[in-house]
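These are the residues of each chain, in order.
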Amino acid sequence: MSQPEKYAELFAAEAREHLAEVGRALLELEQEPGDQGSLDAVFRSVHTIKGMAAAMGYDVPTRLSHNIESALDEMRSGRRQVNSDVIDLLLESADMLEVAVEATVAGKEPPDPAILIERLVLWRFADAEAETAPAPVDAERPAETASAPQRRAAPTAASLSDGSRLRVDISRLDALMNLLGELAIVRGQLSVLAESLDSEALQDSVERAGRFIYEIQGHVVESRMVPVWQILDRFPRLVRDAARASGKEIDLKITGKNLELDRSLLDAISDPLVHLLRNAVDHGIEPPDEREKIGKPRAGKIELSARRERSRVVIDVRDDGCGIDRNSVIEKGRRVGLLAEGKEPTDQELFRIMARPGFSTASKITTLSGRGVGLDVVENSIRAMGGSVGFNSEKGTGTAFRLELPLTLVIQRALIVEVADQIYALPATFTRESFEMEQSAIERTHGREWIDWRGERIPLTSLRALFHAEDDNGSGSAGAGDRFVNVVALEFGGARVAISVDEFRGEEEIVIKPFDPPLGAVQVFSGATVRPDGRPALVLDAGNLS
Amino acid sequence: MSRTVLIVDDAIFMRTMIADILKSAGFEVVGEASSGVEAIEKYKELKPDLVTMDIVMPDMGGIDAVKEIVKTDPEARILMCSAMGQQGLVVEAIQAGARDFVVKPFQPSRVLEAVQRLLG
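Computed from a prediction, not measured in an experiment: that's the story for all the values here.

Engineer: Looking at this model, I keep getting lost on the overall build of chain B. Mind explaining?
Structural biologist: Within chain B one finds 5 helices and 5 strands. The secondary structure elements of chain B, listed N-terminal to C-terminal, are β-α-β-α-β-α-β-α-β-α. Expressed as a percentage of its 120 residues, the buried residues of chain B come to 51%. For chain B, the share of sequence-separated contacts (at least 6 apart) that also reach a separation of at least 24 residues comes to 60%.

Right, dumping it as structure tokens:
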């Protein structure tokens, strides 16, 4: 890499982290306008960007950051006060700076910052008399030299300055992961071969190679993990802007920021989460006056929490807003034929109806307007990752969404099952328990089969019947003559179902290949995988098995 | 023997750039620090012939770091690296014991000139 290229890359990476820090600290500052620590953090990051941009000879980013810095200095010196208007101006400037940085790095012409710079200058020289200056924080001394304890070191800066870390292009890790997947398949083939040759020495070697592959996979998976704050930290700004635009007051609480997720998953969950948060702000939380009238605090609450549960990641988004009017949805669902008459839908079914593309836009029910917008997008993208969306809403008290996701996209643990001589894989994200039970314990009512699982009555679906894999004798039910039946209990988005299969074939790490099902096929597969013997197996999508 | 340098700046980008300039002129970069606190520790440990010091940094800025370093070693040779618009701070840094300053964006020739003068 040439010198200039090396610098440009370093500049881009470091500037991005500082821009993220600027956005984060500005919002913190808006929450606590007197917080010198946040103000200093914004100043330092903008200042660093300015110095770097100047060194690179990037004119627009240099001028813009210089003017942002000057505006910040007015507040640090105590001459001007922090308020929402100036935060708006600064956020807008930071956005522009980000655009300018990215454009410049990409060798493109950055947008003209003249108007924004003029606004920053005008703000500085505007009559500040109306504002009462807060007590200056040691105005004699520049704040950057103040040795007041830093409330927190910017995590970004820490990770950057750690000499034992390095940045790697994600596409290299993707390539490594894919090659490992292929290698795992070859190993499986070798293992089958070794067995057929009956060579113990060969079997031993293949076994050892397998252990190393497994270990390398573990390391690659680990190295792809990034903390979720990398996307969650953008949300306070998003919610703030949406709230301001709709005249609502919102208290956003985010927990579980340090949870680590596969990089590709992280990118993929960003949009669905944005949809859910926007929906919560626009349609969930009521206007402050309305909330007051019904005895709720003026500021609505939105909680986003991320956590790891065994081999899956669970992300909850809940609001304490108006909730969803079940009756309106049911009525609408019946009118457009999505819901049978006389049937009381579960929350999950309600969600399915709302997630239908165009459900809400076709509706004139105002309390629902827009509620469905994006829900289909949310569901489709989460399902594409092998995850599920759970939903729960109570009219008047709020709405909760639960996203469940596998830890990584490429390699997943799966339960291998056999149905009518075909092999299928069930991702461990959804499987709760596999067991054998007596046929006589299956209850048959309303044309469905039910079983009792851990004290709960859950529906049982026969995969054999689902796949129309009838036996020669015409019996549709799996091994109807047998006394025992093999059952897997599944859970997704809070819903529990069971499926019956012919045989269990143990657990395996499978490499999932994306898959487009043929038109008209049963929509219960989320992908395909190649088995050690080289034959393909379909990956079952638990979310569609109910 | 080549002269040793400690580079203090919170941006890796800046540290890399300064290091490249100095290395090309035959200096040995013995250490880097990203904050004032770290600069003081590294100075005690490495006893470099020269320190380049940024002004605005988290965890103690450059001016306080200069004061602390000069307190323990009055002979310390520190070159301040300031950005545009920090004249006031540069003066303060010189009063605190820094020997000279360069302004970002750096001209390699200007940096080397200042360094030679300082060590000469």
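Engineer: Where do I start with the overall build of chain A in this structure?
Structural biologist: Of the regular secondary structure elements, chain A holds 16 helices and 18 strands. Taking as baseline every contact in chain A between residues at least 6 positions apart, the subset at least 24 positions apart corresponds to 66%.

Engineer: Looking at this model, I keep getting lost on the confidence of the model for chain B. Mind explaining?
Structural biologist: Detailed conclusions should not be drawn from predicted coordinates in areas where pLDDT is low. Per-residue confidence for chain B gives a mean pLDDT of 89; residues scoring 70 or more make up 98%. Among the scores for the predicted complex, ipTM is 0.73 and pTM is 0.52.

Engineer: What am I meant to see in the packing of helix α2 (residues 36–56) of chain A against helix α1 (residues 12–24) of chain B here?
Structural biologist: If you want to describe how two helices pack, look at the angle between their axes and the distance between the axes. Remark: α2(A) packs on α1(B), axes separated minimally by 9 Å, with the N-to-C direction vectors making an angle of 40°. With respect to α1(B), the axis of α2(A) lies oblique. Relative to α1(B), α2(A) is oriented so that their crossing is left-handed. Every residue of α1(B) that contacts α2(A) at Gly51(A), Met52(A) and Ala55(A) is listed here: Phe13(B), Met14(B) and Met17(B). When the residues that make up the contact of α2(A) with α1(B) are grouped by side-chain class, the tally is 5 nonpolar, 1 polar and no charged.

Engineer: Where do I start with the sheet that holds strand β2 (residues 250–255) of chain A in this structure?
Structural biologist: The strands making up a sheet associate through hydrogen bonds between their backbones, and the pairing can be parallel or antiparallel. All names here are of chain A. Taking strand neighbours across the sheet as the criterion, the 5 strands line up as β2-β4-β5-β7-β6 in an open arrangement whose pairing is mixed. Of all strands in the sheet, those with a lone pairing partner are β2 and β6 (388–394), marking the two edges. Here the strands of the sheet are splayed against their neighbours by 10° on average, with no regard to which way each runs. In this structure, β6 lies alongside strand β7 (residues 398–406), joined through 7 bridges in antiparallel fashion. Looking across to β7, one finds that Glu-394 is bridged to Gly-398. Strands in contact with helix α11 (residues 263–284) are β2, β4 (300–309), β5 (312–319) and β7; relative to β7, the strand with the most contacts, it is inclined by about 175°.

Engineer: What am I meant to see in the nonpolar core here?
Structural biologist: As a rule of thumb, soluble globular proteins bury nonpolar side chains together. In this structure, Val42(A), Met52(A), Met53(B) and Leu79(B) are the most contacted members of the largest nonpolar core, which totals 78 residues. Broken down by element, this core gets its largest block of residues, 11 residues, from α2(A). Setting aside anything within four residues of it in sequence, one finds Met52(A) in contact with Phe11(A), Glu14(A), Ala15(A), Ala11(B), Phe13(B) and Met14(B). Grouped together as the second largest cluster of nonpolar side chains are 37 residues, Ile269(A), Leu273(A), Leu277(A) and Leu375(A) included.

Engineer: Help me out: how do you make sense of helix α3 (residues 62–72) of chain B in this one?
Structural biologist: Within an α-helix, residues lying three or four positions from one another point in the same direction, as the helix has 3.6 residues per turn. Along α3(B), the positions that sit buried rather than exposed are Gly62(B), Ile63(B), Asp64(B), Ala65(B), Val66(B), Glu68(B) and Ile69(B). Structurally, α3(B) contributes buried residues whose contacts are with β1 (4–8), α2 (36–46), β3 (50–54), β4 (78–82) and α4 (87–96) of chain B.

Engineer: Please clarify how the confidence of the model for chain A should be interpreted in this entry.
Structural biologist: Residues and elements named next belong to chain A. The pLDDT averaged across chain A works out to 78; a share of 81% of its residues lies at or above 70. When mean pLDDT is compared element by element in chain A, helix α12 (residues 288–293) scores highest at 93, while helix α6 (residues 155–161) scores lowest at 41. This model gives residues 129–162 a pLDDT under 50, and the stretch forms 53 contacts once residues within four places in sequence are excluded. Note that pLDDT drops below 50 for residues 472–478; the model gives that stretch 12 contacts with residues more than four away or on any other chain.

Engineer: How do you make sense of α1(B) when you look at a structure like this?
Structural biologist: Residue and element names in this part refer to chain B. Here α1 is 13 residues long and its end C-alpha atoms lie 18 Å apart, about the 18 Å a rise of 1.5 Å per residue gives. Among all positions of α1, only Phe-13, Met-14, Arg-15, Met-17, Ile-18 and Leu-22 are buried. Positive backbone phi, at 90°, marks Gly-26, one or two positions downstream of α1.

Engineer: How should the sheet that holds strand β14 (residues 484–492) of chain A be read in this particular structure?
Structural biologist: Residues and elements named next belong to chain A. An order of β10-β14-β15-β13-β12-β11 is seen for the 6 strands of this open sheet, with the pairing classed as mixed. A single partner strand is all that each edge strand has here, and the edge strands are β10 (431–438) and β11 (443–445). In this sheet, adjacent strand axes meet at a mean angle of 35° when their direction is disregarded. Across 3 bridges, β11 lies against strand β12 (residues 448–453) in antiparallel orientation. By the bridge assignment for β12, Thr-445 is matched with Arg-448.

Engineer: Quick question: what am I supposed to make of the environment of Met17(B) here?
Structural biologist: In this fold, Met17(B) is placed in helix α1. C-beta crowding within 10 Å serves as the criterion here: with 26 such atoms nearby, Met17(B) is assigned to the buried category. On a C-alpha basis, the gap between Met17(B) and Phe106(B) in space is 8.9 Å, while along the polypeptide they are 89 residues apart. Other than its neighbours up to four places away in sequence, Met17(B) contacts Tyr7(A), Ala55(A) and Phe106(B).

Engineer: Where do I start with unusual backbone geometry in this structure?
Structural biologist: Trans is the common state for peptide bonds, and a negative phi is the common state for residues other than glycine. All names here are of chain A. Positioned with a positive phi, Asp-198 is a non-glycine residue whose angle comes to about 60°. Take Asp-198: it is sitting in the loop between α7 (170–197) and α8 (200–223). Positive phi, normally seen in glycine, also occurs at Ala-420, with a value near 45°. Summarising the element assignment, Ala-420 is placed in the loop between β8 (411–419) and β9 (422–427).

Engineer: Looking at this structure, I do not really get the environment of Leu72(A). What am I missing?
Structural biologist: Residue and element names in this part refer to chain A. The topology assignment puts Leu-72 in helix α3 (residues 59–76). Expressed as a C-alpha distance, the spacing of Leu-72 and Leu-39, which sit 33 residues apart in the sequence, is 7.5 Å. Residues in contact with Leu-72, not counting those within four places in the same chain, are Leu-39, Val-42, Phe-43 and Val-46.

Engineer: What is the right way to read the pairing of β4(A) from this model?
Structural biologist: It is a general feature of regular strands that their side chains alternate between the two faces of the sheet. All names here are of chain A. In this sheet, β4 lies alongside β2 in parallel orientation, the contact comprising 6 bridges. Note on β4: the bridge partner recorded for Leu-252 is Ile-302. Relative to β5, β4 is paired through 8 bridges, and the arrangement is antiparallel. Note on β5: the bridge partner recorded for Arg-307 is Val-314.

Scoring rules and cut-offs
Residues numbered from 1 in each chain as written. Chains lettered and ligands numbered in written order. Predicted model: local features only at pLDDT ≥ 70, side-chain atom pairs only at ≥ 80, totals over all residues. Helix = DSSP H or I, 4+ residues; strand = E, 2+ residues; numbered from the N terminus. Buried ≥ 20, exposed ≤ 12 C-beta atoms within 10 Å, placed from the backbone. Contact = placed C-beta atoms within 7 Å. pLDDT = per-residue confidence, 0-100. Axes fitted to C-alpha atoms, helices over the stretch in contact; angles between N-to-C directions. Parallel < 35°, antiparallel > 145°, perpendicular 65-115°, else oblique. Left-handed = near helix turned anticlockwise from the far one by under 90°. Nonpolar A, V, L, I, M, F, W, Y, C, P; charged D, E, K, R; others polar. Pairing = 2+ DSSP bridges. Core = buried A, V, L, I, M, F, W, Y, C linked by C-beta atoms within 7 Å. Expected span 1.5 Å × (residues − 1).

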